[in-house]
Structure formats: C-alpha cells, structure tokens
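Read off the chains here:
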Amino acid sequence: MTSARIVIDRTAVVAPIDRRIFGSFVEHLGRCVYDGIYEPGHVTANEEGFRLDVVDLVKELGSTTIRYPGGNFVSGYRWEDGVGPRENRPVRRDLAWHALETNQVGTDEFARWCKLTGSELMMAVNLGTRGIDAALDLLEYTNHPSGTALSDQRIANGALDPYDIRMWCLGNEMDGPWQTGYMTADDYGKIAARTAQAMKAADKSLELVVCGSSGSAMPTFGDWERTVLEHSYEHVDYISCHAYYQERKGDLGSFLASSLDMQYFIETVVATADHVKHKLKSSKTIKLSFDEWNIWYLDEHRVSDEVNEEWPIAPRQLEDVYSVADAVVLGNLLITLLKNHDRVGSASLAQLVNVIAPIMTEPGGPAWRQTTFFPFSVTSRLARGEVLRPRIDVETYATTVYGDAPLVDAVATVDAEVGKSALFLVNRSQTESIEVSIDVAGLAATAIDEALTLHDDDVYAKNTLPNRERVGLRDLPGAVLEGGTLTVTLAPVSWSAIALGGRATTATIVTD
Ligand code: AHR
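J.: Got a minute to help me understand the sheet that holds strand 19 (residues 408–415) in this structure?
T.: The strands that make up a sheet are held in pairs by hydrogen bonds between backbone atoms, and each pair lies either parallel or antiparallel. Judged by pairing direction, the sheet is antiparallel, and its seven strands sit side by side in the order 2-15-19-20-26-22-23 without closing on themselves. Sheet topology places strand 2 (13–16) and strand 23 (474–475) at the edges, where each strand pairs with a single neighbour. Pairing analysis gives three bridges linking strand 2 to strand 15 (residues 386–388), with the strands arranged antiparallel. Note on strand 15: the bridge partner recorded for A15 is V387. Together, strand 2, strand 15, strand 19, strand 20 (420–427), strand 22 (447–454) and strand 26 (494–501) form the strand contacts of helix 10 (residues 324–339), whose direction differs from that of strand 19 by roughly 55 degrees.

Here you go:
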C-alpha cells in the first residue's frame, strides 16, 4: 500500500475562517429559482411559494452568502421588474439563457428567502445593459432606511427594515464574449471604477467585487485583471475568479488534479493584484472573491442548450448529475480555497439548486442531495476557527494536463476556543488505498469525534430521482489516534473528513 506523511504545524496559520468562504449562488437560470427554491403549490411550499424541503437542505448544506440574481442573467436584468405587486410584473426575454423571465421572484422575495435559510444576500448589479444609475437605485431600494423615493417604495412593498446588503458584484463576467454588453478591460475598468465610486459615496462601508476573468483559460487572463484593477483599485475590495472543471475524454487522472489549476489561478490573480497595488503605491490589499466555482459538464451543454426559436419558462438547463469522482474533486477544490483563505476571502459554489447544483428537486416531487452535497456540507460544518496549512509528503502521479500531481491533498482547521480541530483529505489515486500518518501533536487532540468518507467502488455512481440515496457518506473505518499521531487509510478516489477533540488523556482511539 502507498503511504503518506502529513505534519500539522499549529503555527502554520493561513487565516481565521470567514464563513463567506462557504457561499453559494442562485441565478435566474433554468430551474434554480422557478421549480427550484420557488414552487407555489408544492406540498412543502410556504404561503409565499418557497419550498421548505429545499430550505431544510440549504440549511444542512451550510452555505452562507448567496450571490444573486446572476450570473449571465444579471447583465440584462431590470431589477425594477421584480418588485411591487406580482400581478403587475412584466414578463421579459432573458437573452442570456434564451428563456422567459416572469419576475414572480425578485429582490424582496429573495431577501425573505435568504432570511428563511439564514443566508447573507450578495447582490450583483447589471453593468451589461445598464450602469451607475440602476446600481444606485437598487442600492437605495435595498439599503436606505426610509424617507427617499426608493426606500419608501421598499417599505410600501412590505419591507420596513432595509436589507443592509454588504457585498455587491459590479456586473458579471464582463470579459466574456457571451455576456450581454461585454466590454474590453479598459472600458469595463472605467465603468466599474465609476460605479464603485458612486456606490461608496452612498455608503463607504460597502464591500465591492470587481469582475476578474471568467476562467484562467481566457485569452485575456492576467491582462484583464491588471487593466481593470489599474482603473478601479482604490474603489473596490475584491476581484472575482470563476472556474469550472469537468472530466474530459475519459482523463480521470487530470480531472482529479483540477485543484492544481485553481491554485495556479489564485496565485496568478494574487500576483497581478499585488503588482497593481505596488504600482499604484497603495496601502490596501485586494482579496479574491471566488464567486463561481464547481464541476460543470459545459462541453455537453453547448449542444443540449443550443439556442433555438423557443422562449420557455424555467426549462431544464445545466442539470448536471454528479458522480462520486465529481464530489471528490469538489471536496478538493474546497480544500484549495481554504488553503488560500488568506487571500480568497469569499467564495460561492455555483449554483445551489437544480442548475449545476448540490440540491435537486422534482416539480411536485422530492428534493435530494447530489454527491457533491456531502463534502460541502461536512466541510462547512466542521471547518471552524483557523485554517492550518499542512506539510504533505507523498508520491506524485503523472497527469496529461497538469504534469505531476501529489496523490494526496489535505487541509486542517483548528478552533482553539472550543478545543476542536478537523482534517479534510483526498486520495487522487485511482487504484491504491493510501495509509496516511498525520502528526497532530500540535493540535493537542485526544479523541476522534467523527471520521467520514465519500467513496464508492463505482466512481461514477450518482444519486438520481429513482435512486436518491445511492451515494452517501460512510464512516471512515480504522482511523487511529495514538499519542500525537493520527493514522487513516484513504480509499482510491475518496474524500474524507476527521473531526478531533475530546478531553481524554493519552488513550488509543480507534474508529469502527
Ligand atoms: O453558473 C452558470 C454561468 O456560468 C453563470 O451565469 C455565468 O456567470 C458563468 O459563465
């Protein structure tokens, strides 16, 4: 059996955990909103039409901030269409996804849904077809207490208290030729800077996210970030990153190493942002908002989602069904976000329900967890306190896309206040179990509270409507904590989490 050694150095602190690293994303796309979070008439729907079975799953998932209302959708959106009496709201064409938008869910409904799920709303403004004026109006509508035209309109619409939205995205993927109103870096940098400056004139404590590249493979990657930040640096707080991964041409080995690309992406954006910082002699450091990340079988959707003559309402779009391998990669991407949490301040799994999502629903039917639900929910639940960067000594394997990749990746967290810590690990080997010996002496842990794993002999096993619980978490057998060493055996293509704590002395603790 292959073996690996990991040392958890209690002093190797990356950053205190900001819960915004566990954010998600709800876009008016396909069945994410309609027939997803909102389905009046469903047996679990509340008086407003929100499915409470979905609300329960969102809470269990442990997502924190929710980016809304898009995505590509926002670049053609008129927020005014989605407020006021529902019967007066117009139906519009959504050019981004070639569908009809009924506007039955808008800002007020979504803010109430966020309250229901205990989430923080992260709002995106339209810089595709609109600009400063619409952004300022939306800000006044959502955040101004009262006594102005738009705050009073919100109150008349039933929301006495302002929503106090803190994080705002200045448009979406404005570098992408598919984006309605896409721009050059120079043009976008200018409009983003002016919009940010105006929004901060209304409230200087807002946290603003300027659009970075929509992928590290974009031809403008790097130059885009530099140019946009040269215009907007002093007015913004975050620059966005978006990344989607998929297994291509049966190359599972490269797919399992996807987080190497995410690491490269993060390092490149950090280097570029810091270059601009020094060039401008600024004292401020920009953080990254990784506000779209996930597995997405994009190549397949290019064919199935092809634009045709129809304008459907809430069609089934981007409804990827995820495998065990997809979940392992997702768990690894989350490990990477945590390892870079000193610079990645916020992140959003794209998306939340039905559309490339951890939660699926059937109209009039059940809601269920995809495989990718599990690593996200467990990490969100167990990762508390501070992130620690481990030292990992393990063999590598050759990949076609990323060169040599370590067989094991891991991250640790420690919450000194409550005396709990956690480890998250992946085994990328397709054939070998790996015995990992982990020096956890620095954590002063004395018990294994939980040891969970996601693995299946069939790496392509999935949860589907007829078989909704085919894949789930299992106990990780054979984990031993003895003295200051934790020993675990990771199955091939697996993601695992171990929670440590307890107050025992130096006993040997073994999981069943
Ligand atoms: O999440 C799906 C789409 O991916 C979003 O609308 C867009 O921003 C990205 O290209």
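Alright, that's what it looks like, and here's the rest.
J.: Teacher, can you tell me more about the site of the ligand here?
T.: In the vicinity of the ligand, the contacting residues are F25, E27, G71, N72, W97, N172, E173, Y244, E292, W296, Q351 and I356. Y244 is positioned such that a nitrogen or oxygen atom in its side chain is 2.8 Å from an oxygen atom of the ligand. Of the residues in the shell around the ligand, the class split is five nonpolar, four polar and three charged.

J.: Can you help me understand the nonpolar core in this one?
T.: Nonpolar side chains in soluble globular proteins tend to end up buried together. Counting 159 residues, the largest nonpolar core has W113, Y188, F290 and W293 as the members making the most contacts within it. Broken down by element, the residue count for this core peaks at eleven residues, all from helix 10. Formed jointly, this core draws a minimum of three residues from each of two domains, domain 1 (2–10 + 386–502) and domain 2 (18–382). With sequence-adjacent residues up to four places away left out, W293 is seen in contact with A243, Y244, M262, L330, L333, L334, L337, A347, S348, L349, A350 and F376. With seven residues, the next largest nonpolar core counts V74, M167, C169 and V209 among its residues.

J.: Whenever I open this one, the sheet that holds strand 12 (residues 344–350) confuses me. Can you help?
T.: Within the closed barrel, the eight strands sit side by side as 3-4-7-8-9-10-11-12. Their pairing is parallel. Direction aside, neighbouring strands of the sheet carry axes that sit 30 degrees apart on average. For strand 7 (residues 120–125) and strand 8 (residues 167–170), the ladder comprises three bridges, and the chain directions are parallel. Pairing of M123 across the sheet is with W168, part of strand 8.

J.: So what exactly am I meant to see when it comes to empty space enclosed by the protein here?
T.: Take a probe with the size of a water molecule and roll it over the atoms, and the empty space left behind shows itself. Tallied over the entire structure, the rule returns three cavities of 30 Å³ or more. In this structure, the largest cavity occupies an estimated 100 Å³ of space. What lines the largest cavity is a set of 16 residues, and nearest its centre among them are W79, A124, V125, N126 and L138. Of all the secondary-structure elements, those providing two or more residues to the lining of the largest cavity are strand 7 and helix 3 (132–143). Residues of the lining of the largest cavity, tallied by class, amount to eleven nonpolar, three polar and two charged. In this model, the second largest cavity occupies a volume close to 80 Å³. Taken together, H28, L29, G30, V33, Y34, F73, D94, A99, L100, E101, A314 and P315 make up the full set of residues lining the second largest cavity.

J.: Is there a simple way to explain the layout of surface pockets in this structure?
T.: What the second largest pocket holds in volume is close to 350 Å³. Along the walls of the second largest pocket sit 15 residues, with A111, K115, D161, P162 and Y163 positioned nearest its centre. Considering every element that reaches the lining of the second largest pocket, the biggest residue donor is helix 2 (residues 107–117), with four residues. For the lining of the second largest pocket, the per-class residue count stands at eight nonpolar, two polar and five charged.

J.: It is not clear to me how unusual backbone geometry should be interpreted in this structure. Could you clarify?
T.: As a rule of thumb, non-glycine residues mostly have phi less than zero, and peptide bonds are mostly trans rather than cis. The step from Y68 to P69 runs through a cis peptide bond, and the omega angle for that step is 0 degrees. Relative to the elements of secondary structure, P69 occurs in the loop between strand 4 (65–68) and strand 5 (92–94). The backbone of E173 sits at a positive phi, close to 40 degrees, despite the residue not being glycine. Looking at the secondary structure, you find E173 in the loop between strand 8 and helix 5 (185–202). The exposure class of E173 is buried, given its relative accessible area of 9%. Although it is not a glycine, I356 adopts a positive phi angle of roughly 35 degrees.

J.: Please explain helix 2 as it appears in this structure.
T.: Turn by turn, an α-helix covers 3.6 residues, leaving residues three or four places apart pointing in a common direction. For helix 2, the buried fraction is high: eight of the eleven residues fall into the buried class. By the burial criterion, the buried members of helix 2 are T107, D108, E109, F110, A111, W113, C114 and T117. Lining the buried residues of helix 2 we find helix 1 (52–61), strand 4, strand 7, helix 3 and helix 4 (149–156). Residue G118 follows helix 2 closely and has a positive phi angle near 70 degrees.

J.: Would you mind showing me how to read the packing of aromatic side chains here?
T.: One pair of aromatic rings is described through two measures. These are the centre distance and the angle between the planes. The final tally for this structure, using the stated rule, is 13 aromatic pairs. On the basis of an interplanar angle of 40 degrees and a centroid distance of 4.9 Å, the ring pair of F73 and Y77 is categorised as tilted. Judged on exposure class, the residue F73 and its partner Y77 are both buried. A connected cluster of aromatic rings, assembled from ring pairs, spans F221, Y264, F265 and F290.

J.: Please explain the environment of V426 as it appears in this structure.
T.: Locating V426 in the fold gives a position in strand 20. Judged by relative accessible area, which is 0%, V426 ranks as buried. Sequence-wise, V426 and V408 are 18 residues apart; in three dimensions their C-alpha atoms are separated by 5.6 Å. Setting aside chain neighbours within four positions, we find V426 in contact with V328, N332, I335, L407, V408, D409, L490, S494 and W495.

About the cut-offs
- Residues numbered from 1 in each chain as written.
- Predicted model: local features only at pLDDT ≥ 70, side-chain atom pairs only at ≥ 80, totals over all residues.
- Heavy atoms only, no water.
- Pairing = 2+ DSSP bridges.
- Helix = DSSP H or I, 4+ residues; strand = E, 2+ residues; numbered from the N terminus.
- Contact = heavy atoms within 4.5 Å.
- Axes fitted to C-alpha atoms, helices over the stretch in contact; angles between N-to-C directions.
- Near = heavy atom within 4 Å.
- Polar contact = N/O pair within 3.5 Å; in protein donor to acceptor, adjacent residues only side chain to side chain.
- Nonpolar A, V, L, I, M, F, W, Y, C, P; charged D, E, K, R; others polar.
- Core = buried A, V, L, I, M, F, W, Y, C linked by side-chain atoms within 4.5 Å.
- Buried < 20%, exposed > 50% of the residue type's maximum accessible area, 1.4 Å probe, protein only.
- Domains from an automatic or database assignment.
- 1 Å grid on protein atoms, 1.4 Å probe; cavity = no way out; pocket = protein on both sides within 12 Å on 5 of 7 lines; lining within 4 Å.
- Points joined across faces, edges and corners; volume = space filled by probe spheres on them.
- Phe/Tyr/Trp six-rings, centres within 6.5 Å; stacked < 30°, edge-to-face > 60°.

Any functional reading would require information that these geometric values do not contain.
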